[in-house]
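# Per-entry structural report
Here is how the chains run, residue by residue.
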Amino acid sequence: MHAILTNLIQPMSLTGDLKSDVHTFLTANGSPHTATHCMEVGSEARRLAERFHADPEAAEIAGWLHDISTVIPNHERIEAARQLQVDILPEEERFPMIIHQKLSKVMARDIFKVTDEEILNAISCHTTLRAKSTLLDQVVFVADKIAWDQTGTPPYIDKLTDSLNTSLARGAFAYINYLWERKETLRVVHPWLKDAYEELVADFGG
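Residues numbered from 1 in each chain as written. Predicted model: local features only at pLDDT ≥ 70, side-chain atom pairs only at ≥ 80, totals over all residues. Heavy atoms only, no water.

Attention shifts here to the overall build of the protein chain. Tallying secondary structure elements over the protein chain gives 12 helices and zero strands in all. Taken from the N to the C terminus, the helices and strands of the protein chain come in the order α-α-α-α-α-α-α-α-α-α-α-α. A compact globule built from 206 residues should have a C-alpha radius of gyration of about 17 Å, and the protein chain, at 16 Å, falls within 12% of that. Taking the principal axes of its C-alpha atoms as reference, the protein chain extends roughly 50 × 35 × 30 Å. Looking at the 206 residues of the protein chain, the share that counts as buried comes to 52%. (Helix = DSSP H or I, 4+ residues; strand = E, 2+ residues; numbered from the N terminus. Rg over C-alpha atoms; globule rule 2.2 N^0.38 Å. Buried < 20%, exposed > 50% of the residue type's maximum accessible area, 1.4 Å probe, protein only.)

Dropping the structure here:
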């Protein structure tokens, strides 16, 4: 394991109880708010998986782990990504917050020993989604938007939840379209988000 990751698990001992270990890991590294958010996303991902016939256990695991890289300070993420041999896009270099989804994938694999590629891939696109997204990708993506980590009510939530009555993909598109309508205000438009939008808008329109 890379020294960057070894240093992060110094304050704790892993027990093998993944939910408990993730919560302890985040709390021990100064991110109790993220710990709560990850538990909530795990629960929401399980509910969505049961509703839309995805794997509930895989969804819950991906939800627990999706934001574990927030323990790496934003200004250190690009260098950490380089050292961990993560592919870095120009948009991620300009706006390092967004590379946390890829870092979380690496940490889920290397620290928490997750080997299921579908789970790892869902973690790695939970912020942006991607073209040709899987059912699990969409579950985790939507769960993160429903159980959001800000105060108040998400401004897109009514449209998103209403769209879920049609399909999971429609729900995912409701959020992506919300961003797309405001793309001029975004720090960057991630290429994966653009790809997902272009694919879904062909099915659901603007």
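What follows covers the side chain of His-126. As for its position among the elements, His-126 is in the loop between α8 (117–124) and α9 (135–146). Assessed through its relative accessible area of 0%, His-126 is described here as buried.

Moving on, we get to the pattern of salt bridges. Here the structure, examined in full by the defined rule, presents 11 salt bridges. Here Glu-93 ties to Arg-82 by a salt bridge, and the two come within 2.4 Å at their closest N and O atoms. On the criterion of sequence distance, the pair formed by Glu-93 in helix α6 (residues 90–94) and Arg-82 in helix α5 (residues 77–83) is long-range, its members being 11 residues apart. Its salt-bridge partner being Asp-137, residue Arg-130 comes within 2.8 Å of it at the nearest N-O pair. Look at the salt bridges and you will find they share partners, linking Arg-46, Glu-50 and Glu-60 into a network. (Salt bridge = Lys/Arg side-chain N within 4 Å of Asp/Glu carboxyl O.)

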